[in-house]
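Overview (structure and organization)
Take a look at the letters that make up each chain.
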Amino acid sequence: LISHFKKLFQKIKAPWFSDHLSCTRIQGYYLQDLIPIPRTKEAVDIVCDNIKFLQDQFQIPFLIENPSYYSLVSEPELSEADFINQILYKADCGLLLDVNNIYVNSANHQSYSPKEFLYQIDLSRLVQVHIAGHLKNYKAKLSSKSLAILDTHGDKISEDVLNILQELLRLAKPKAILLERDSNFPDFDELLEELEILNTMNYELA
């Protein structure tokens, strides 16, 4: 699999590659979802070893993306920002910051404010930004469980997310911004309108 990715990256001349800071496999079992990694010092070392291996294989920069999550698998030793910062430093990798995920996590867990998170994270490592829409007041069909927000990439970007993006672009200059839409696709003109909102923001790419 690695050899196939290596050929692909070389063919398209990829400037970097990225993945979510999450787990999808445990002891050979694929979980079919992005499971949060325990925010421990031990996990930092394991993740960094994996990143260094991949960067050695591909010889292009690797970016970690902050994921959305809905529960923790263990009591964290580190805050979300500290966990990411330690990996950025020890693995010497870049940051892909998903602005919608910042908002989703802050709303669901009430552990920080989005702007507070921006000041805690190491934005000197920022390379790429993702923005997307979400679903508010989600309620599971098979149970009574509900969430303040579900990260769906299936709706228009909210004003709250745009405000976080505006603050981020005031603090740092990414090399690229990506609008994500995975479902509930509108007319193409509506997507263009969302992109035009970005064009009206006062920012520069690195």
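Residues numbered from 1 in each chain as written. Predicted model: local features only at pLDDT ≥ 70, side-chain atom pairs only at ≥ 80, totals over all residues. Heavy atoms only, no water.

1. Looking at a nonpolar patch on the surface
A cluster of nonpolar residues, Leu 1, Phe 5, Leu 8 and Ile 12, forms a patch on the protein surface that exposes about 410 Å² of accessible area. Relative to the helices and strands, Leu 8 resides in helix H1 (residues 2-12). In this structure Leu 8 comes out as partly exposed when scored by relative accessible area, which is 40%. (Patch = residues over 30% accessible without salt bridge, like charges linked within 9 Å, V, L, I, M, F, W, Y side chains within 5 Å. Areas by Shrake-Rupley, 256 points an atom, 1.4 Å probe, with all protein chains shown as cover. Salt bridge = Lys/Arg side-chain N within 4 Å of Asp/Glu carboxyl O. Helix = DSSP H or I, 4+ residues; strand = E, 2+ residues; numbered from the N terminus. Buried < 20%, exposed > 50% of the residue type's maximum accessible area, 1.4 Å probe, protein only.)

2. Details of helix H4 (residues 99-109)
In terms of burial, H4 is a largely internal element, 10 of the 11 residues being buried. When H4 is considered as a whole, its buried residues turn out to be Val 99, Asn 100, Asn 101, Ile 102, Tyr 103, Val 104, Asn 105, Ser 106, Ala 107 and Asn 108. The N-cap of H4, judged by a side-chain oxygen 3.0 Å from the amide nitrogen of Asn 100 a few residues on, is Asp 98. Positive phi shows up at Gln 110, right after H4, with a value of about 50 degrees. (Polar contact = N/O pair within 3.5 Å; in protein donor to acceptor, adjacent residues only side chain to side chain.)

3. Some remarks on the environment of Ser 111
Relative to the helices and strands, Ser 111 resides in the loop between H4 and helix H5 (114-120). The class of Ser 111 is partly exposed, set by a relative accessible area of 47%. Between the C-alpha atom of Ser 111 and that of Glu 80, which follows or precedes it by 31 residues, the distance is 9.4 Å.

4. Points about the packing of helix H2 (residues 41-58) against helix H3 (residues 80-91)
With their axes 9 Å apart at the nearest point, H2 and H3 run at an angle of 40 degrees to one another. Comparing their axes, H3 and H2 come out oblique. Of the two possible hands of crossing, H2 and H3 adopt the one that is right-handed. On the side of H2, the interface is formed by Ala 43, Val 44, Asp 45, Val 47, Cys 48, Ile 51, Lys 52 and Gln 55, while H3 contributes Phe 83, Gln 86, Ile 87, Lys 90 and Ala 91. Taken together, the residues of the contact of H2 with H3 sort by class into eight nonpolar, two polar and three charged. (Axes fitted to C-alpha atoms, helices over the stretch in contact; angles between N-to-C directions. Parallel < 35°, antiparallel > 145°, perpendicular 65-115°, else oblique. Left-handed = near helix turned anticlockwise from the far one by under 90°. Contact = heavy atoms within 4.5 Å. Nonpolar A, V, L, I, M, F, W, Y, C, P; charged D, E, K, R; others polar.)

5. Some details on the nonpolar core
One broad trend across soluble globular proteins is that nonpolar side chains are buried collectively. Residues Ile 64, Ile 87 and Leu 97 are the most contacted members of the largest nonpolar core, which totals 48 residues. Mapped by element, the contributors of at least two residues to this core are H2, strand S4 (62-65), H3, strand S5 (94-98), H4, H5, strand S6 (126-131) and helix H6 (159-171). If sequence neighbours within four positions are ignored, Ile 64 has contacts with Asp 19, Leu 21, Ile 51, Ile 84, Ile 87, Leu 88, Cys 93, Gly 94, Leu 95 and Leu 96. (Core = buried A, V, L, I, M, F, W, Y, C linked by side-chain atoms within 4.5 Å.)

6. Section: the sheet that holds S4
Within a beta sheet, neighbouring strands are joined by backbone hydrogen bonds and run either parallel or antiparallel to one another. One open sheet holds the five strands; their spatial order is S1-S4-S5-S6-S9, and the pairing between them is parallel. Where the open sheet ends on each side, the last strands, each with one partner, are strand S1 (17-20) and strand S9 (176-179). Put simply, the sheet's adjacent strands are angled 25 degrees from each other on average, direction ignored. (Pairing = 2+ DSSP bridges.)

7. A word on the side chain of Ser 22
Relative to the elements of secondary structure, Ser 22 occurs in strand S2 (residues 22-26). Filtering out sequence-adjacent residues up to four positions away, Ser 22 remains in contact with Leu 34, Ile 35, Ile 37 and Pro 67.

8. Observations concerning H3
Spanning 12 residues, H3 covers 17 Å between terminal C-alpha atoms, matching the ideal 16 Å at 1.5 Å per step. Within the span of H3, buried status applies to Glu 80, Ala 81, Phe 83, Ile 84, Asn 85, Ile 87, Leu 88 and Ala 91. As for H3, its buried residues are in contact with H2, S4, S5, H4 and H5. Downstream of H3 by a residue or two, Asp 92 has a phi angle that is positive, lying close to 50 degrees. (Expected span 1.5 Å × (residues − 1).)

9. Describing the confidence of the model for the protein
Mean pLDDT over the protein stands at 88; residues scoring 70 or higher make up 92%. Here strand S8 (residues 146-150) stands out as the least confident element of the protein, with mean pLDDT 66; S5 is the most confident, with 98. (pLDDT = per-residue confidence, 0-100.)

10. What about the pairing of S5?
Burial of S5 is extensive: five of the five residues sit out of reach of the surface. Neither face of S5 is open: one carries Gly 94, Leu 96 and Asp 98, the other Leu 95 and Leu 97, and all of them are buried. As a crossover connection, the stretch from S4 through H3 into S5 is right-handed. By the bridge criterion, four bridges tie S5 to S6 in an arrangement that is parallel. In the strand pairing of S6, Leu 97 is matched with Val 129. (Right-handed = clockwise from strand over helix to strand, strands pointing away.)

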